[in-house]
Amino acid sequence: MVNGEPLHKPRLSLSALRVKLSAVGPRWLYPLPLVPFVTEFVETGALPTSVRGWLTEVVAGIVIAVLILKVLRQHELVVAQARTDALTGLWNRLVFREAIEVECKRALRARQPLSLVFIDLDHFKAINDRHGHARGDRVLQQLARAIELAIRIDVDRGFRLGGDEFALLLPASASVQSERVVQRIRDHCRQADPLWDAGLLAISAGIVEFDPQETTDMLILRADTAMYRDKAERRD
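The sections below set out a description of the structure shown in this document. (Residues numbered from 1 in each chain as written. Predicted model: local features only at pLDDT ≥ 70, side-chain atom pairs only at ≥ 80, totals over all residues. Heavy atoms only, no water.)

## Here's the deal with the packing of helix H6 (residues 133–150) against helix H7 (residues 175–192)
Turning to step 1, where the next piece is worked out: Here H6 crosses H7 at 135°, and the two axes come no closer than 8 Å. In terms of orientation, H6 and H7 fall into the oblique class. In this structure, H6 crosses over H7, and the sense of that crossing is right-handed. Seen from H6, the contacting residues are Gln142, Leu143, Ala146, Ile147, Leu149 and Ala150; seen from H7, they are Val181, Arg184, Ile185, His188, Cys189 and Ala192.
Turning to step 2, where the next piece is worked out: For the contact of H6 with H7, the residue count by class is 9 nonpolar, 2 polar and 1 charged. (Axes fitted to C-alpha atoms, helices over the stretch in contact; angles between N-to-C directions. Helix = DSSP H or I, 4+ residues; strand = E, 2+ residues; numbered from the N terminus. Parallel < 35°, antiparallel > 145°, perpendicular 65-115°, else oblique. Left-handed = near helix turned anticlockwise from the far one by under 90°. Contact = heavy atoms within 4.5 Å. Nonpolar A, V, L, I, M, F, W, Y, C, P; charged D, E, K, R; others polar.)

See the structure below:
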């Protein structure tokens, strides 16, 4: 069950629709280089018969193709910017909501574990107040880099949900494996900056495994609760 609906029921959410439309992109542009030839055929009833005529149509097609490539690159850039966090380069909250639905369905279908990890920076406000927001931004980037180094490429996914809140989706990973990932993140952070090594910065992490009987909102709530419990225990 995901978001209160049976997992086997075909359903296309708005977020899934956005993903499908983004994947399609401006594909209608692809045939446009053929327009000069089609226009020639419509106007004259035949393709060019002279070398000059062919060269004219080919050059026009090449110009159109170059313009199409430029438009496609711009489209890819806009899509990427809408789905990634500008400061850290991690996926953003929108992608997180899409991905957690997909991964919960996949975990149920494959009968494999799925771990969700919520991460929150400890003492981050004090760093901002004492050292300035530029240093705070650098800390966020250090944590994002540590996440990228600790997770499996093309399997796990890291997200910045906003502020100093991050999340990990770890398919085919039980809690034990997820705890090792979090420990690797802590180790990478300590190597990146003296503030981490001195204990002036730390992370709290809530690790939970997906229960096939729960919704994604319930899973998120459990991870959030576990993260705040870990934060409280660290303060004690």
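Read on, since the account is not over.
## Overview of the sheet that holds strand E2 (residues 157–162)
Turning to step 1, where the next piece is worked out: A sheet is described by the order of its strands in space; here 4 strands give the open sequence E2-E3-E1-E4, paired in antiparallel fashion. The outermost strands of the open sheet, each flanked by one partner alone, are E2 and strand E4 (202–209). Sheet twist, expressed as the mean angle between neighbouring strand axes with direction ignored, is 20°.
Turning to step 2, where the next piece is worked out: The sheet contact formed by E2 and strand E3 (residues 165–171) spans 5 bridges and is antiparallel. Considered in E3, the bridge of Phe159 is made with Ala167.
Turning to step 3, where the next piece is worked out: The sheet contacts of helix H4 (residues 93–110) involve strand E1 (114–122), E2 and E3, and relative to E2 the element is tilted by about 140°. (Pairing = 2+ DSSP bridges.)

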